[in-house]
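What the coordinates show
The primary structure of each chain is shown beneath.
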Amino acid sequence: MDDTPLRHDDTDATTTRSDASRRSGSADDEEFVAIVAPYDDAPDECTIFPAGLSEDELLTTWLSAQEGGYVALAEMR
């Protein structure tokens, strides 16, 4: 894989889209995309970023974590 955790041509990656929590009148209403990239020789990696970013914005506006460093939201509720 490339050095970058986000690849648009990664056919093995799983992409999910989720609406952020809705609060009336809040500017925080934003949709995020999560991509899980599987690795054979390392833990899978999940990268989350806001939907609708330009290619330039994608270079600096993301968060990644390796498998084991994140949990399902339902488990924390």
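Higher on the page you've got the structure.
Let me sum up the structure you'll find in this document. (Residues numbered from 1 in each chain as written. Predicted model: local features only at pLDDT ≥ 70, side-chain atom pairs only at ≥ 80, totals over all residues. Heavy atoms only, no water.)

**With respect to the overall build of the protein**
Scanning the protein from terminus to terminus reveals two helices and four strands. The N-to-C order of helical and strand elements in the protein reads β-β-β-α-β-α. Across the protein, the fraction of contacts at a sequence separation of at least 24, relative to all contacts at a separation of at least 6, is 25%. Of the roughly 5,900 Å² of accessible surface on the protein, 48% is carried by carbon and sulfur atoms. (Helix = DSSP H or I, 4+ residues; strand = E, 2+ residues; numbered from the N terminus. Contact = heavy atoms within 4.5 Å. Areas by Shrake-Rupley, 256 points an atom, 1.4 Å probe, with all protein chains shown as cover.)

**A look at the side chain of Thr-47**
Along the polypeptide, Thr-47 turns up in strand 3 (residues 45–50). Its relative accessible area of 0% is what places Thr-47 among the buried residues. In this structure the side chain of Thr-47 is engaged in a polar contact, spanning 2.6 Å, whose partner is the side chain of Ser-64. (Buried < 20%, exposed > 50% of the residue type's maximum accessible area, 1.4 Å probe, protein only. Polar contact = N/O pair within 3.5 Å; in protein donor to acceptor, adjacent residues only side chain to side chain.)

**So, the environment of Glu-31**
Here Glu-31 lies in strand 2 (residues 31–37). Glu-31 sits in the partly exposed class, given a relative accessible area of 29%.

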